[in-house]
Amino acid sequence: KELSSIYCIFTNTKLIFDEKNYALDHFVPHAFVSHDLIWNLIPIEKTFNSSKSDKLPLFDRHFDKFFELQKVAFEINKHHNAKSRYMDEFLTIFPTIDTFPKDKFSNTIQPLLTIANNNGFMFMND
């Protein structure tokens, strides 16, 4: 809400938070990771969320936009309350809350997508 709006990383649709035209999506499907930790959640267009279902995003196409929004969320949470439960959730993948390194985040997400695909989860079609 601090940003007032962002763009869906999949459809490039402007998401205005007051209008509730968005849904929270699990970048790596919940059916695979079985958690709702903040580092895997992203606001996306509500209608697209329904069609995406448990499909995997294409890493090369979607990761950079996902990373940028996650980095902003990390920085906002760190600024407002560095001891919040959300910051604790980021600590599950980062050793400290000082930085949000792209390579470390990539090294967490990319293998999860590969393992999910190896376990029968399908990638999104473009």
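Values in this document were obtained by computation on a predicted structure and should not be read as measured data.

Asker: Which parts of the structure should I look at to understand the nonpolar core?
Answerer: A general tendency of soluble globular proteins is for nonpolar side chains to be buried together. If you look at the biggest cluster of nonpolar residues, it comprises 34 residues, and the most contacted ones within it are Phe 10, Phe 27, Phe 66, Phe 90, Phe 105 and Ile 109. Going through the elements one at a time, strand 4 (41-45), helix 3 (59-80), helix 4 (85-90) and helix 5 (102-118) are the ones with two or more residues in this core. The element that contributes the greatest number of residues to this core is helix 3, accounting for 6 residues. Among residues more than four places away in sequence, those in contact with Phe 90 are Ile 38, Trp 39, Gln 70, Phe 74, Asn 77 and Phe 100.

Asker: What is the right way to read unusual backbone geometry from this model?
Answerer: Across residues other than glycine, the phi torsion is negative in most instances, and most of the peptide bonds are trans. A positive phi angle, close to 65°, is found at Asn 12, a residue other than glycine. Its place among the elements puts Asn 12 in the loop between strand 1 (5-7) and strand 2 (14-16). We note that Ser 34 has phi near 55°; this positive angle belongs to a residue other than glycine. Tracing the chain through its elements places Ser 34 in the loop between helix 1 (30-33) and strand 4. For Ser 34, a relative accessible area of 55% corresponds to the exposed category.

Asker: Teacher, can you tell me more about the pattern of salt bridges here?
Answerer: Pairing is possible between side chains that carry opposite charge, provided their charged atoms lie close to one another. Scanning the entire structure with this criterion turns up 3 salt bridges. In this structure, Lys 52 and Asp 25 form a salt bridge, with 3.1 Å as the shortest nitrogen-oxygen distance. One end of the pair, Lys 52, is in helix 2 (residues 46-52); the other, Asp 25, is in strand 3 (residues 22-26), and 27 residues separate them in sequence. Across this residue pair, the class does not change: Lys 52 and Asp 25 are buried. Where Asp 64 meets Lys 102, a salt bridge forms, and the shortest distance between an N and an O atom there is 2.8 Å. Residue Asp 64 is located in helix 3, and its partner Lys 102 is located in helix 5; the two are separated by 38 residues in the primary sequence. Take Lys 102: its relative accessible area is 36%, and that puts it in the partly exposed class.

Asker: Whenever I open this one, the environment of Asn 119 confuses me. Can you help?
Answerer: Mapping Asn 119 onto the fold places it in the segment after helix 5. Of the residues examined, Asn 119 reaches a relative accessible area of 54% and is grouped as exposed. When the C-alpha atoms of Asn 119 and Thr 47 are compared, they prove to be 26 Å apart, with 72 residues separating the residues in sequence.

So, how was this worked out
Residues numbered from 1 in each chain as written. Predicted model: local features only at pLDDT ≥ 70, side-chain atom pairs only at ≥ 80, totals over all residues. Heavy atoms only, no water. Core = buried A, V, L, I, M, F, W, Y, C linked by side-chain atoms within 4.5 Å. Buried < 20%, exposed > 50% of the residue type's maximum accessible area, 1.4 Å probe, protein only. Helix = DSSP H or I, 4+ residues; strand = E, 2+ residues; numbered from the N terminus. Contact = heavy atoms within 4.5 Å. Salt bridge = Lys/Arg side-chain N within 4 Å of Asp/Glu carboxyl O.

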